[in-house]
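Chains, contacts and geometry: an overview
Chain residues, written in single-letter form:
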Amino acid sequence: MTNHEQEFQFVVDSCCDLNDDMKNPYPTYAVPFSISFTDKSFTDDGTMDLNQFIQEMKDHSEPPQSACPAPGLFAEQFRRAKNTFAITITSHLSGAYNSALLAKEMVEQESPEKKIHIFDSLSASTGQVLIYLKLKEFLQQGMDWHTIIEKTEHFISKEMNTFFVLEDLSNLIKNGRMSKLAGHFASLLAIKPLMYAEDGQISLKEKIRGSKRAIDRMITVIGETCSNISERILVIAHCNNEERANYIKTEAEKRYNFQQIHIIKTGGLSTLYANDGGIIISY
């Protein structure tokens, strides 16, 4: 190792909405997406004015376009450490996972002694944060590299759940994930779709009338989909909706015995998906 090389590190893309206090004790680096409208662009590096970005989304009839980090940006971070775990947004929504894989090949060819593993989160935002916290837990338990990978990949594909409720459906309509007619009727009837991540893709679980009912149903679904809650961590992300995030936390504490509950704010890319008022949970 060089003098500046870390023994161990995490690399994430900027859809992983980590709080600063979550990042200790391991060095953690975020590789930014870029997000653009026809006349304006943003770099999702933690400095975005999210209120301005939300307003831009409302003002533009076309949805913003996101571009995943180039392999060189991932490679730059991978070179910093002897051992790297990387976590990307689901490969079904973005090319970030493939970009990170290319970077891994580049760096391992340069330095065959380095160990790099890329986790496709099959999720986003809270799901990536949850995987990060699980990896930290396994590391602190002293597990070896291969056991950590095996246990984490199993957790991602077989155990982890991600659900979300959106207040504003306009981005789904603009992105073609919901027809304008369906979106119009959903708005008229105050229908809120309860959605979830299924094998890394967005699926509809239920259509529910009213935001409060949709959130309450999401809280109930936790108990229906998870049997070992005392071993689980709940991560709640919100886009300009701290009151509702706190409500979910309070209700979850009353009804379940999670090991930990974290509330986080959405960053730029997660805000693009969740839109103003959106809530995402993973456990």
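The notes below deal with the structure included here. (Residues numbered from 1 in each chain as written. Predicted model: local features only at pLDDT ≥ 70, side-chain atom pairs only at ≥ 80, totals over all residues. Heavy atoms only, no water.)

Let's shift gears to the packing of aromatic side chains. By the definition in use, this model includes 17 aromatic pairs. Arranged with centres 5.9 Å apart and planes meeting at 55°, the rings of Phe37 and Phe53 form a pair that is tilted. Within this pair, whereas Phe37 is found in the loop between β3 (34-36) and β4 (41-43), its partner Phe53 is found in helix α1 (residues 50-59), the two being separated by 16 residues in sequence. Judged by its relative accessible area of 7%, Phe37 falls in the buried class. Between the aromatic rings of Phe85 and Trp145, the centroid separation amounts to 4.4 Å while the plane-to-plane angle is 10°, which identifies the pairing as stacked. Of this pair, Phe85 sits in strand β6 (residues 81-88) while Trp145 sits in helix α5 (residues 145-159), and the two are 60 residues apart along the sequence. Comparing Phe85 with Trp145 shows no difference in burial state: the two are buried. Through a chain of ring-to-ring contacts, the aromatic side chains of Phe8, Phe10, Tyr26, Phe85, Phe119, Tyr132 and Trp145 assemble into a single cluster. (Phe/Tyr/Trp six-rings, centres within 6.5 Å; stacked < 30°, edge-to-face > 60°. Helix = DSSP H or I, 4+ residues; strand = E, 2+ residues; numbered from the N terminus. Buried < 20%, exposed > 50% of the residue type's maximum accessible area, 1.4 Å probe, protein only.)

What follows deals with the pairing of strand β10 (residues 201-209). Bridge count between strand β9 (residues 191-198) and β10: 8 bridges; the pairing is antiparallel. Paired with Pro193 across the bridge in β10 is Lys207. Adjacent in sequence and paired antiparallel, β9 and β10 are bridged by 2 residues, among which Asp199 carries a positive phi angle near 50°. (Pairing = 2+ DSSP bridges.)

From the geometry alone we can't say anything about function, so treat these as descriptive.
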